[in-house]
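# Structural overview
So the chains spell out like this:
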Amino acid sequence: QVQLVESGGGLVQPGGSLRLSCAASGSIFSINVMGWYRQAPGKQRELVARIISGGSPTYADSVKGRFIISRDNANNTVSLQMNSLKPEDTAAYYCHGNIRAVGARYSYDYWGQGTQVTVSS
């Protein structure tokens, strides 16, 4: 069984920084994509940033230049450094992985439990 466990998040003032981390565990054969999504109240879940294996990071336009995604392939982790945070960044942030488990024929999407980020003075 594959699990994604997030850490980080919390309350920060506008202009501040936070770092989110996510670790994938279990019987993992390969990871195709790891990334972060967010969902604000009353809105749809949206992509924040992601890294495809062997590719460059991609970011939502709203976070370009402020957020940095990084991935540690050896440890199956992905992190999101969030700088210059704005109130509109307030949302539940979810770690996502497209992962093929050991013995599985296909890869599937897995999600973390979500961590709340609140940007407010």
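Think of each chain on its own: its residues are numbered from 1, step by step along the sequence as written. Local features are withheld for residues below a pLDDT of 70 in this predicted model, meaning they are given only at 70 or higher, and side-chain atom pairs are given and counted only at 80 or more; totals for whole chains, interfaces and linings count all residues. Side-chain metrics in this entry use all non-hydrogen atoms of the structure; hydrogen atoms and water are not considered.

What follows concerns the sheet that holds strand E1 (residues 3-7). The strand order E1-E3-E8-E7 describes an open sheet built from four strands, whose pairing is antiparallel. Looking along the sheet, the strands with just one partner apiece sit at the ends: E1 and strand E7 (67-72). Along the sheet, successive strands turn relative to each other by an average axial angle of 15 degrees, direction set aside. For strand E3 (residues 18-25) and strand E8 (residues 77-82), the ladder comprises six bridges, and the chain directions are antiparallel. Residue Ala23 lies in a different strand from E8, and its bridge partner there is Thr77. Pairing between strands requires that DSSP locate at least two bridges from one strand to the other. Secondary structure elements are taken from DSSP: a helix is a run of H or I of four residues or more, a strand is a run of E of two residues or more, and numbering for both begins at the N terminus. Each axis is a line fitted through C-alpha atoms, and for a helix only the stretch in contact is used; angles between axes span 0 to 180 degrees, taken between their N-to-C directions.

Below, the discussion takes up the packing of aromatic side chains. Any Phe, Tyr or Trp ring, taking Trp's six-membered ring, that has another such ring centre within 6.5 Å forms a pair; planes under 30 degrees apart are called stacked, those over 60 apart edge-to-face, and the others tilted. For the structure on display, the rule yields one aromatic pair. When the ring of Tyr37 is compared with that of Trp111, the centres are 5.1 Å apart and the planes differ by 70 degrees; the resulting orientation is edge-to-face. Within this pair, whereas Tyr37 is found in strand E4 (residues 28-39), its partner Trp111 is found in strand E10 (residues 108-111), the two being separated by 74 residues in sequence. The ring of Tyr94 carries Arg45 above its face, with NZ or CZ at 3.8 Å from the centroid. Note that Arg45 overlies the ring of Trp111, its terminal NZ or CZ placed 4.7 Å from the centroid. In our convention, an over-ring charge means Lys NZ or Arg CZ found within 6 Å of a ring centre and within 35 degrees of that ring's normal.

Burial of nonpolar side chains together is a common tendency in soluble globular proteins. Residue types Ala, Val, Leu, Ile, Met, Phe, Trp, Tyr and Cys, when buried and joined through side-chain atoms within 4.5 Å, form a set referred to as a nonpolar core. Buried means the residue's accessible area, taken with a 1.4 Å probe over protein chains only, is under 20% of the maximum for its type, while exposed means over 50%, and partly exposed covers the values in between. Membership of the largest hydrophobic core comes to 31 residues, with the highest contact counts inside it found for Trp36, Leu80, Met82 and Tyr93. Those elements that place two or more of their residues in this core are E3, E4, strand E5 (46-52), E7, E8, strand E9 (91-101) and strand E11 (115-119). The element contributing the most residues to this core is E9, with five residues.

So far we have only geometry, and geometry alone does not tell us how the molecule works.
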